[in-house]
Amino acid sequence: MKIKWLGHSSFLMTESTGIKVLTDPYDPEMVGYGFEPVETDVVTVSHGHADHNYTDGVKKSELVLDAPGKYEYNGIHITGVPSFHDDCEGGKRGKNVIYKFRMDGVNVCHMGDIGEPCSPELIERLLPVDVLMIPVGGTYTVDADAAKEYVDRLMPGIVIPMHYKIKHCELDIDKVDPFAALFDGETVTEDVTELELDRNDFDDSETRVVVFERQKA
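Counting from 1, residues in each chain are numbered in the order their sequence is written. Note on the predicted model: pLDDT of at least 70 is required for a residue's local features to be given, and 80 or more for side-chain atom pairs to be given and counted; whole-chain, interface and lining totals, by contrast, use all residues. Each side-chain value is worked out from all heavy atoms of the structure, with water and hydrogens disregarded.

1. Here's the deal with the pattern of salt bridges
Consideration 1: The term salt bridge refers to a side-chain nitrogen of Lys or Arg lying within 4 Å of a carboxyl oxygen of Asp or Glu. Counted by the stated rule, this structure contains three salt bridges.
Consideration 2: Put simply, Lys-4 and Glu-36 hold a salt bridge, and the shortest N to O gap is 3.4 Å. Of this pair, Lys-4 sits in strand β1 (residues 2–7) while Glu-36 sits in the loop between α1 (28–31) and β4 (42–44), and the two are 32 residues apart along the sequence. What counts as a helix is a DSSP run of H or I of at least four residues, what counts as a strand is a run of E of at least two, and both are numbered from the N terminus.

Below, the structure is given as structure tokens:
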């Protein structure tokens, strides 16, 4: 499978069969920088905020998922896990859906705008995780330290930070640096444009952090 970061919390994942899954398309006017209008088969939406549910910006899609549940599309298994956008059971920002994907034998977990603290119950529902996509910018989601706790509990092979401040971003969120600084520098890879993975890339070795370089839309 291939993973490309489009910006913010939006990724385009392509299975070896050619099936494409897009996560959390965002409104460029809200985020502050462009969104690439891609074609995809499946779109997942973690919650109803404009920086995560901009389906009008998608050229073409066959299926849009925006709720917890178990789904299957042409051999790709997707599970939506209910969670909260804040640390008071949705009292501030409502609910959030975490999506788990099984593509080419790889277990990918997209945490959406997770804001609730790490708990044994939630961790049990998410395991196993090979690739973890997690917000790290704080303010509206977990911050660097809270994101690191999720990493330590889920023990993924690869962590991809998202929802952090980059050039032109107008949201009040932190940069990726505080999160990356929590890891051994040798395990952090930066300026990746596309990631290609299969089941054989995960051998229970230490966690690797992959920081993408966003492609201009």
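2. Some thoughts on the nonpolar core
Consideration 1: Buried Ala, Val, Leu, Ile, Met, Phe, Trp, Tyr and Cys residues that are joined via side-chain atoms within 4.5 Å together make up what is termed a nonpolar core. Any residue under 20% of the maximum accessible area for its type is buried, any over 50% is exposed, and the rest in between are partly exposed; the area is computed with a 1.4 Å probe on protein chains only. Ile-3, Met-13, Met-111, Val-131, Tyr-150, Ile-160 and Phe-179 are the most contacted members of the largest nonpolar core, which has 57 residues in total.
Consideration 2: Residue contacts are counted whenever heavy atoms from the two residues lie within 4.5 Å of one another. Sequence-distant contacts of Met-111, defined by excluding residues within four places in its chain, comprise Asn-96, Ile-98, Leu-126, Leu-132, Met-133, Ile-134, Pro-135, Tyr-150 and Met-162.

3. Things to note about the state of the cysteines
Consideration 1: When two cysteine sulfur atoms are found within 2.5 Å, that pair is recorded as a disulfide. In the structure shown here, the tally under the stated rule is zero disulfides.
Consideration 2: Unpaired in terms of disulfides, Cys-109 finds its nearest cysteine sulfur in Cys-118, a separation of 11 Å.
Consideration 3: For Cys-109, a relative accessible area of 0% corresponds to the buried category.

4. What to know about a negative patch on the surface
Consideration 1: What goes into a patch is any residue over 30% in relative accessible area without a salt bridge, connected to like charges within 9 Å or, for nonpolar side chains (Val, Leu, Ile, Met, Phe, Trp, Tyr), within 5 Å. A 1.4 Å probe and the Shrake-Rupley method give the accessible areas. Residues count as covered only by the protein chains that appear here. When charges are counted, Lys and Arg contribute as positive and Asp and Glu as negative, whereas His and the chain ends are disregarded. For the purpose of locating charges, the reference atoms are NZ of Lys, CZ of Arg, CG of Asp and CD of Glu. On the surface, a cluster of negative charge is made up of Asp-143, Asp-145, Asp-174, Asp-177, Glu-190, Asp-191 and Glu-213.
Consideration 2: Checked against the element boundaries, Asp-191 lands in strand β12 (residues 188–192).
Consideration 3: According to the relative accessible area criterion, Asp-191 is exposed, its value standing at 56%.

5. Here's the deal with the pairing of strand β11 (residues 158–162)
Consideration 1: Counting buried residues along β11, five of its five residues qualify, which places the element largely inside the surrounding structure.
Consideration 2: Residues Ile-158, Ile-160 and Met-162 point to one face of β11 and Val-159 and Pro-161 to the other, with burial holding for every one of them.
Consideration 3: Bridge count for strand β10 (residues 131–135) against β11 is five bridges, and the pairing is parallel. Across the sheet, residue Ile-134 finds its bridge partner in β11, namely Pro-161.
Consideration 4: Read from β10 through helix α3 (residues 144–154) to β11, the crossover connection turns out right-handed.
Consideration 5: For two strands to count as paired, DSSP must find a minimum of two bridges between them. As judged from the two bridges shared by β11 and strand β14 (residues 208–212), these two strands associate in the parallel manner. The residue of β14 that forms the bridge with Ile-158 is Arg-208. A crossover gets the label right-handed when its path from the first strand over the helix to the second runs clockwise, viewed with the strands pointing away from the viewer.

6. Concerning α3
Consideration 1: All of the buried residues in α3 are Ala-144, Ala-147, Lys-148, Tyr-150, Val-151 and Leu-154. What you see down the axis of α3 is that its buried residues fit within an arc of 155°, all on one side.
Consideration 2: Considering only its buried residues, α3 is in contact with α2 (120–126), β10, β11 and α4 (177–180).
Consideration 3: We call two N or O atoms a polar contact when they sit within 3.5 Å, provided that within protein one can donate a hydrogen and the other can accept it, with sequence-adjacent residues counted only if both atoms are side-chain atoms. The backbone nitrogen of Asp-145 lies 3.3 Å from a side-chain oxygen of the residue at the head of α3, namely Asp-143. When we speak of the arc, we mean the arc of directions from the helix axis to the C-beta atoms.

7. Description of the sheet that holds strand β6 (residues 69–73)
Consideration 1: Here we have eight strands laid out as an open sheet, ordered β6-β7-β8-β9-β10-β11-β14-β12, and mixed in their pairing. Of all strands in the sheet, those with a lone pairing partner are β6 and β12, marking the two edges. Strand-to-strand, the axes of this sheet are offset by a mean angle of 20°, without reference to chain direction.
Consideration 2: The pairing of strand β9 (residues 106–110) with β10 spans three bridges and is parallel. Here the axes come from fitting lines to C-alpha atoms, over the contacting stretch only for helices, and the angles between their N-to-C directions go from 0 to 180 degrees.

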